Amino acid sequence: MADKRTPSADPRRAPNIEDVARLAGVSTATVSRSLNSSGRVREATRKIVETAARELGYTPNFGGQALASNRTNTVGAIIPTMENAIFARAIQALQETLAEHKVTLLVATSQYRPDREEAQIRTLLARGVDGVVLIGNRRAPSAYALLNARGIPFVLLWSAPANSPFVTIGFDNFGAAHDLTTRILEKGHRRIGMISGLTADNDRAFDRVQGVSQALADHGLSLSPHDLVECRYSLKAGENAAMQLLGATQRPTAIICGNDVLAAGALRAARASGLTVPDDMSVIGFDDIELATAVFPPLATVRVPHRRMGVAAGEHLLRWMVQGERPPSLTLPTEFVERASLGVAK
């Protein structure tokens, strides 16, 4: 008699649900419930079925499941870039939250290009995703029209504009930048420069510049065009931008950076210019990624609720996808973290 562990005499045939049921000694219905909705079977049975599936190398038929449930159990997330850690914590938390409910996360990047993001949205929709996660609010109306026409649940992370017609899970970029600048002014700084990400298609970068500008205006100061350099988010770009600011007739005593990557680049520029941070100048970041404490001196920065955004995005989408209930928007707090890169103005 053939070994019951052998699914077929043909080794090229993929194992099926009947093979798993035979090896586990249960019905095919029990196999299906165990692998797709484990809460409906006993824990001991589920473990037996999962062990059998692993031994056989069995994976459920994705297409069949999708047809049966009218869902693919996939969510798509489009982030601007994977080249630095800015979005990593939130995406990790999102993936973990979805995985607890056996929902798979597909991740794509836009490179901060609206046209590329819209193309990625179309690709994800073509793959039948049940929900979409996007970063920020500024994009072409056609992208929103596409999502709304399909009736796909989607949430927007990293910003929380007032009266948004969409579900947003983020924080007040303007308010965080305003608070950051106020704290720098309290240290006696009056000559302040800023290195920002490109603001044209980035509402987060735009709002941070506006927050800095407003805080300066509140104290009778201004952020002139010569005090602001926009660039792409990279160490080298941040270094070059800082060198430009430091080459001014009156160099700034503090440089506010749109994120920690740009701030790390500004620290390199300070060292290359023979300046000591914070004795000769201060450098302040935004995001509080791990890089902020890996550089010297450690960066004063704004701590962003990365993981909380990711968890909330997963929970909101799951509720919307499963129960059909559109969740409310959520605004999360940020926190200013004062570290050694911010000193008193000399």
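These numbers were taken from a predicted model, which means no experiment stands behind them. (Residues numbered from 1 in each chain as written. Predicted model: local features only at pLDDT ≥ 70, side-chain atom pairs only at ≥ 80, totals over all residues. Heavy atoms only, no water.)

A. Representation of the state of the cysteines within the structure. What the rule picks out here adds up to 0 disulfides. Not engaged in a disulfide, the cysteine Cys 231 finds its nearest cysteine sulfur in Cys 257; these two sulfurs lie 8.5 Å apart. The class for Cys 231 is buried, based on a relative accessible area of 9%. Judged by its relative accessible area of 1%, Cys 257 falls in the buried class. (Disulfide = S-S within 2.5 Å. Buried < 20%, exposed > 50% of the residue type's maximum accessible area, 1.4 Å probe, protein only.)

B. Inspection of the side chain of Asp 260 at higher detail. Counting through the fold element by element, Asp 260 comes out in helix H11 (residues 260-272). One buried charged side chain, Asp 260, makes no salt bridge at all; its nearest oppositely charged neighbour is Arg 339, positioned 6.3 Å away. At 2.9 Å, the side chain of Asp 260 forms a polar contact with the backbone nitrogen of Phe 286. What Asp 260 contacts, discounting residues up to four positions off in sequence, is Gly 285, Phe 286, Asp 287, Asp 288, Ile 289, Leu 291, Ala 292, Leu 299 and Thr 301. (Helix = DSSP H or I, 4+ residues; strand = E, 2+ residues; numbered from the N terminus. Lys, Arg positive; Asp, Glu negative; His and termini not counted. Salt bridge = Lys/Arg side-chain N within 4 Å of Asp/Glu carboxyl O. Polar contact = N/O pair within 3.5 Å; in protein donor to acceptor, adjacent residues only side chain to side chain. Contact = heavy atoms within 4.5 Å.)

C. Main features of unusual backbone geometry. Between Val 277 and the following residue, Pro 278, the backbone shows a cis peptide bond with an omega angle of 10°. Within the secondary structure, Pro 278 is located in the loop between H11 and strand E9 (282-284). Here Phe 296 and Pro 297 are connected by a cis peptide whose omega angle stands at -5°. As for its placement among the helices and strands, Pro 297 is situated in the loop between helix H12 (291-294) and strand E10 (301-303). The phi torsion at Gln 111 lies on the positive side, around 55°, for a residue other than glycine.

D. Spatial organisation of helix H2 (residues 28-36). Taken as a whole, H2 has its buried residues at Thr 30, Val 31, Ser 34 and Leu 35. One side of H2 holds all its buried residues, which, seen down the axis, span an arc of 120°. The inward-facing, buried residues of H2 contact helix H1 (17-24) and helix H3 (43-56). (Arc of directions from axis to C-beta.)

E. Looking closely at the sheet that holds strand E3 (residues 131-135). One open sheet holds the 6 strands; their spatial order is E2-E1-E3-E4-E5-E11, and the pairing between them is parallel. Whereas interior strands pair on both sides, the edge strands pair on one side only; in this sheet they are strand E2 (104-109) and strand E11 (330-331). Strand direction decides the pairing type here: strand E5 (residues 167-170) and E11, joined by 2 bridges, are parallel. Bridged to Gly 170 within E11 is Thr 331. Contacting strand E1 (74-79), E2 and E3, helix H6 (residues 114-126) runs over the sheet at an angle of about 170° to E1. (Pairing = 2+ DSSP bridges. Axes fitted to C-alpha atoms, helices over the stretch in contact; angles between N-to-C directions.)

F. Representation of the side chain of His 306 in the model. As for its placement among the helices and strands, His 306 is situated in helix H13 (residues 306-323). By relative accessible area, His 306 is classed as buried at 2%. Contacts of His 306, omitting those with residues within four sequence positions, involve Ile 86, Arg 89, Ala 90, Trp 158, Asp 287, Asp 288 and Ile 289.

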